[in-house]
Amino acid sequence: MTTGHHHIFIDFEFTMPDHKTSPKGFFPEIIEAGIVIVHQDAIVQTYSTYVKPTFFPLLTERCKKFLQISQEQVDQGLLFPDFIRKLREIVHKDEYTIVTWGNMDMKVLRQNCQMHRIPFPLMSKELDLSMEYKKFFGDRNQIGLWKAVEEYGKEGTGSHHRALDDALTTYKIFQLVEKDKQYLAKPKPTTIGERIDLTKLLGKLAT
């Protein structure tokens, strides 16, 4: 296992009710997880899985259509406690930062753990990259993940609203933002030609 600081990019997809009506006691349950582990600017591991919902096991038509996930896929997924065990195994690093786009992923994970009476598995710094992006560019409003990558003139990885693809796209934006931060922190030194008007200098030397 590589040592040193890791960045762990996480994206979850979760259940949703049909339109504006929700069953009594409904809360979003994680049904797909995508994880990308980065060490020294290189991807060292990726992981994705479906997770079977426990409290509201039947996906709504809206959820299936929006996420392009079938009932059969989640029924064959890991049970939530098994997923948490796998998550602990994956993020067992000496130092790491969890990176997500927005704060919903960690909110839903915490709520799911509470409902299952399972301790929250991630004890590390959390970075909401959408807020970093907003602060960096001075935007008034937060924007979506794929809108952000398009504003960079790039394309997202794979398909939107697929957990691993979104985690990979989050990593792509992280790289772009970090590169811009470094550029601003260490501006390219000006050349002699940029400091001096060489045409004027050559003109004086010719006279």
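Residues numbered from 1 in each chain as written. Predicted model: local features only at pLDDT ≥ 70, side-chain atom pairs only at ≥ 80, totals over all residues. Heavy atoms only, no water.

Asker: Sorry if this is basic, but what is going on with the layout of surface pockets here?
Answerer: Considered as a void within the structure, the largest pocket measures approximately 400 Å³ in volume. Forming the walls of the largest pocket are 20 residues, and the residues nearest its centre are Asp11, Phe14, Trp101, Asp105 and His161. At the level of elements, strand E1 (5-14), helix H1 (61-67) and helix H4 (104-116) are the ones that each hand at least two residues to the lining of the largest pocket. Among the elements that line the lining of the largest pocket, the one with the most residues is E1, at four residues. Tallied by class, residues from the lining of the largest pocket come to nine nonpolar, seven polar and four charged. (1 Å grid on protein atoms, 1.4 Å probe; cavity = no way out; pocket = protein on both sides within 12 Å on 5 of 7 lines; lining within 4 Å. Points joined across faces, edges and corners; volume = space filled by probe spheres on them. Helix = DSSP H or I, 4+ residues; strand = E, 2+ residues; numbered from the N terminus. Nonpolar A, V, L, I, M, F, W, Y, C, P; charged D, E, K, R; others polar.)

Asker: Can you walk me through the packing of aromatic side chains in this structure?
Answerer: We describe a pair of aromatic rings using the distance from one ring centre to the other and the angle between the two ring planes. Going through the model one piece at a time under the given rule, you end up with 12 aromatic pairs. Centroid distance Phe27 to Phe56: 6.4 Å. Interplanar angle 80 degrees. Geometry classified as edge-to-face. Here Phe56 lies in the loop between strand E3 (42-52) and H1 and Phe27 lies in the loop between E1 and strand E2 (30-39), a separation of 29 residues in the sequence. Taken together, the ring pairs connect Trp101, Tyr133, Phe136, Phe137 and Tyr152 into an aromatic cluster. Just above the ring of Phe120 sits the side chain of Arg110; from NZ or CZ to the centre is 4.3 Å. (Phe/Tyr/Trp six-rings, centres within 6.5 Å; stacked < 30°, edge-to-face > 60°. Lys NZ or Arg CZ within 6 Å of the ring centre and 35° of its normal.)

Asker: What's the story with empty space enclosed by the protein in this structure? I'm lost.
Answerer: Over the atoms a probe the size of a water molecule is rolled, and this reveals where empty space is left. All told, the structure shown has one cavity of 30 Å³ or more when counted by the stated rule. Each pocket or cavity is described by its volume, and for the largest cavity that value is around 30 Å³. When its residues are assigned to classes, the lining of the largest cavity shows three nonpolar, three polar and two charged.

Asker: Any chance you could explain the side chain of Asp11 here in plain terms?
Answerer: Following the sequence through the fold, Asp11 ends up in strand E1. Of the side chains bearing the opposite charge, Arg162 lies closest to the buried Asp11, which forms no salt bridge; the N-O distance is 8.6 Å. (Buried < 20%, exposed > 50% of the residue type's maximum accessible area, 1.4 Å probe, protein only. Lys, Arg positive; Asp, Glu negative; His and termini not counted. Salt bridge = Lys/Arg side-chain N within 4 Å of Asp/Glu carboxyl O.)

Asker: Honestly, the side chain of Thr60 in this entry has me stumped. Any pointers?
Answerer: Residue position: Thr60 is located in the loop between E3 and H1. Under the relative-accessibility criterion, Thr60 is labelled buried at 18%. A polar contact is formed between the side chain of Thr60 and the backbone oxygen of Met16, at a distance of 2.8 Å. Each residue touching Thr60, except ones within four places of it in the same chain, is listed here: Met16, Pro17 and Asp18. (Polar contact = N/O pair within 3.5 Å; in protein donor to acceptor, adjacent residues only side chain to side chain. Contact = heavy atoms within 4.5 Å.)

Asker: Could you clarify how one ought to interpret the sheet that holds E2 in this entry?
Answerer: What holds strands together in a sheet is hydrogen bonding between their backbones, with the strands either parallel or antiparallel. Spatially, the six strands line up as an open sheet ordered E4-E3-E2-E1-E5-E6, and their pairing is mixed. Looking at the sheet topology across the chains shown, the edges are occupied by strand E4 (78-79) and strand E6 (125-128). Relative to strand E5 (residues 95-100), E1 runs parallel, the two being bridged by five bridges. When the sheet's bridge partners are listed, His6 is paired in E5 with Tyr96. Contacts from H4 reach E1, E2, E5 and E6 within the one sheet, and its direction differs from that of E1 by about 75 degrees. Contacting E5 and E6, helix H5 (residues 129-137) crosses the sheet at an angle of about 55 degrees to E6. (Pairing = 2+ DSSP bridges. Axes fitted to C-alpha atoms, helices over the stretch in contact; angles between N-to-C directions.)

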